Amino acid sequence: MWRQVVLYFRTHSYHADNCQAKENLQNEDEADIKAAQIFKPMGSERTEIRKRQMATTPETPGAAQAQLSTGNRGSNACCFCWCCCCSCSCLTVRNQEEERARRTSHELQAEGIPNCEESPAPTLEEVNAWAQSFDKLMLTPAGRNAFREFLRTEFSEENMLFWMACEELKQESNKSVIEEKARLIYEDYISILSPKEVSLDSRVREVINRNMLEPSQHTFDDAQLQIYTLMHRDSYPRFMNSAIYKDLLQSLSEKSTEA
């Protein structure tokens, strides 16, 4: 009888332990399910926020690469030098600036700078006369072409181009043509946004701005005189000592001696 009693309690205890274990496992499963339900929406919300950010602010490859290397830095940060290593694409900005500079240079060569004036080859007497005065140099097309070639080496060819454009303006009589040419001259040589802007003082610029209200053949007379004086005092002495002038003079002298 005692054996039956002991066996009964052992069996009851075994079933009780199994029930408790099943209940614990069931509670753990329910907890896992609740936890999954809690954390899953948070992950989905984070994903949706990320998608909206990507849709509203598309990233360039350079920006994406920089963002990976900079961690939590802001995506709108900007810098002015390569060493800052911020999340903006410095290479892209630099490439755009270089491309713009190359395009501007190409446009100047293709359409902004007219060809040299047509003229016969200068004689030895003419070239010798250029050394006598700046006025004699500027008087002939051959002299202007040679001087313009020298100015190009000093990156100041726009001075001669502006002077020549003013001379052409003086030859016009049609009002509409005068207005159009005056506008082009202003945009090409007076505007501070132009890459061919000539150096003028504030007084002359004020005169030009007043004259542009009613353009005429003499709108740029003051400016033309100032640029002419600048070339005379600054560039002309160097031209006379330049290889361009000396080589031309030597070549003509040799030809004259041979003849």
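Every value quoted in this text rests on a predicted model; they were computed, and no experiment measured them.

Scoring rules and cut-offs
Residue indices begin from 1 for each chain and proceed along its sequence in written order. Where totals are concerned, whole chains, interfaces and linings use all residues; where local detail is concerned, this predicted model gives features only for residues with pLDDT of at least 70, and gives and counts side-chain atom pairs only at 80 or more. To get the side-chain values, all heavy atoms of the structure are used, and hydrogens and water are removed first. The quantity known as pLDDT measures the predictor's confidence residue by residue, on a range of 0 to 100. The criterion used for residue contact is that any of the two residues' heavy atoms lie within 4.5 Å. Each pair of aromatic rings taken from Phe, Tyr and Trp, with Trp reduced to its six-membered ring, is defined by centres within 6.5 Å and is described as stacked if the planes are under 30 degrees apart, edge-to-face if over 60, and tilted in the remaining cases. Starting at the N terminus, helices and strands are each numbered in turn, a helix being any DSSP run of H or I of at least four residues and a strand any DSSP run of E of at least two. Relative accessible area decides the class of each residue, using a 1.4 Å probe on protein chains only: under 20% of the type maximum gives buried, over 50% gives exposed, and in between gives partly exposed. Lines fitted to C-alpha atoms define the axes, with helix axes restricted to the stretch in contact, and inter-axis angles between N-to-C directions lie between 0 and 180 degrees. The cut-offs work like this: below 35 degrees is roughly parallel, past 145 is roughly antiparallel, 65 to 115 is roughly perpendicular, and the gaps in between are oblique. In this classification, the charged set is Asp, Glu, Lys and Arg, the nonpolar set is Ala, Val, Leu, Ile, Met, Phe, Trp, Tyr, Cys and Pro, and all remaining amino acids, among them Gly, are polar.

1. Considerations on the confidence of the model for the protein
Low-pLDDT stretches of the model should not have their predicted coordinates read in fine detail. Confidence in the prediction of the protein, expressed as mean pLDDT, is 74, and 55% of residues score 70 or more. For residues 35-49, every residue scores under 50 in pLDDT, and the model assigns this stretch one contact once sequence neighbours within four places are set aside. Segment residues 100-113 is flagged for pLDDT under 50; beyond a separation of four residues in sequence, or across chains, it makes nine contacts in the model.

2. Focus: the packing of aromatic side chains
Given two aromatic rings, one states the distance between the centres and the angle between the planes to describe the pair. Summed over the entire model, instances satisfying the criterion amount to ten aromatic pairs. Look at Phe-162 and Phe-220: their rings are 6.3 Å apart centre to centre, the planes differ by 85°, and that puts the pair in the edge-to-face class. In this pair, Phe-162 sits in helix H7 (residues 157-170) while Phe-220 sits in the loop between helix H9 (202-211) and helix H10 (221-240), placing the two residues 58 residues apart along the sequence. Of the two residues, Phe-162 and Phe-220, both sit in the buried class. Site record: aromatic cluster; members linked through ring pairs are Phe-134, Phe-147, Phe-150, Trp-163, Tyr-228, Tyr-236, Phe-239 and Tyr-245.

3. Focus on the packing of helix H6 (residues 141-153) against H10
At a minimum axis separation of 10 Å, H6 and H10 run at an interaxial angle of 90°. Overall, the two elements H6 and H10 adopt an arrangement that is roughly perpendicular. Mapping the contact onto sequence places Ala-146, Phe-147, Phe-150 and Leu-151 in H6 and Met-231, Ser-235, Tyr-236, Arg-238 and Phe-239 in H10. Split into classes, the residues belonging to the contact of H6 with H10 amount to seven nonpolar, one polar and one charged.

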